[in-house]
Amino acid sequence: MRKVLISGLLLAVASSANPAQALDPSGTPVVVTPLASRTTTASGQPITLPRKNVQVLVSTYDIAPGATLPVHRHPFPRYAYVEAGTLKVTNVETGDSNTYKTGDFIIEMIGQWHQATNMGDGPVKLLVIDQVEEGAKNTELRQ
């Protein structure tokens, strides 16, 4: 009995040490693929969260081939996962740009003017997550 208990504990420790091979309650393997782990935005700023009443907004974006979004900025954190396509994001304040492709994770710059262009022949598809103060918008267009 003691050997069974020790074996069970060792198995539990081994499986919890590698979250990529966790098990669901039915015993079926669940594969977890880490996509990103960062502490700064695309422009190197520390990620800061809203101070009160945080609201999480989740949306999808479909950006047509050749389309360029207007110059804009985000007052709160915005995260995006590129589901399809190639997107070039340019910080218009510094001129620096990054190109993101299918499977990339973007932590957008906060409070800095930027724009994005679909660089491919097909649509860019994004899954976007915003963390805002409740009721606030997270995109401000430059006038």
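Here is a short report on the structure shown in this document. (Residues numbered from 1 in each chain as written. Predicted model: local features only at pLDDT ≥ 70, side-chain atom pairs only at ≥ 80, totals over all residues. Heavy atoms only, no water.)

## Regarding the overall build of the protein chain
- Looking only at helices and strands, the protein chain features one helix and 11 strands.
- Written out in order from the N terminus, the α and β elements of the protein chain read α-β-β-β-β-β-β-β-β-β-β-β.
- The buried share among the 143 residues of the protein chain stands at 24%.
- In the protein chain, once contacts between residues fewer than 6 apart in sequence are set aside, the share between residues at least 24 apart is 75%.
- If you sum the accessible surface of the protein chain, you get close to 9,400 Å²; carbon and sulfur atoms cover 57% of it. (Helix = DSSP H or I, 4+ residues; strand = E, 2+ residues; numbered from the N terminus. Buried < 20%, exposed > 50% of the residue type's maximum accessible area, 1.4 Å probe, protein only. Contact = heavy atoms within 4.5 Å. Areas by Shrake-Rupley, 256 points an atom, 1.4 Å probe, with all protein chains shown as cover.)

## Comments concerning the sheet that holds strand β3 (residues 54-63)
- The antiparallel open sheet is built from four strands, whose spatial order is β3-β10-β5-β8. The strands lining the two open edges of the sheet, one partner per strand, are β3 and β8 (105-107). Across the sheet, the axes of successive neighbouring strands diverge by a mean angle of 20 degrees, strand direction being ignored.
- Two elements, strand β5 (residues 78-84) and strand β10 (residues 124-133), share six bridges in a ladder whose sense is antiparallel. Counted as the bridge partner of valine 82 is leucine 126 from β10. (Pairing = 2+ DSSP bridges. Axes fitted to C-alpha atoms, helices over the stretch in contact; angles between N-to-C directions.)

## Considering the packing of aromatic side chains
- Across all of its chains, the model carries one aromatic pair by this definition.
- When the centroid spacing of 6.4 Å and the interplanar angle of 15 degrees are considered together, the rings of tyrosine 79 and phenylalanine 105 count as stacked. One end of the pair, tyrosine 79, is in strand β5; the other, phenylalanine 105, is in strand β8, with 26 residues separating them in the sequence.
- Residue tyrosine 79 is classed as buried on the basis of its relative accessible area, which comes to 14%.
- Over the ring of tryptophan 113 we find arginine 142, and its NZ or CZ is 5.9 Å from the ring centre. (Phe/Tyr/Trp six-rings, centres within 6.5 Å; stacked < 30°, edge-to-face > 60°. Lys NZ or Arg CZ within 6 Å of the ring centre and 35° of its normal.)

## Side note on the pattern of salt bridges
- Tallying each qualifying case throughout the model produces three salt bridges.
- For the salt bridge of lysine 125 with aspartate 62, the shortest nitrogen-to-oxygen distance reads 2.9 Å. With lysine 125 in strand β10 and aspartate 62 in strand β3, this pair connects stretches of sequence that are 63 residues apart. (Salt bridge = Lys/Arg side-chain N within 4 Å of Asp/Glu carboxyl O.)

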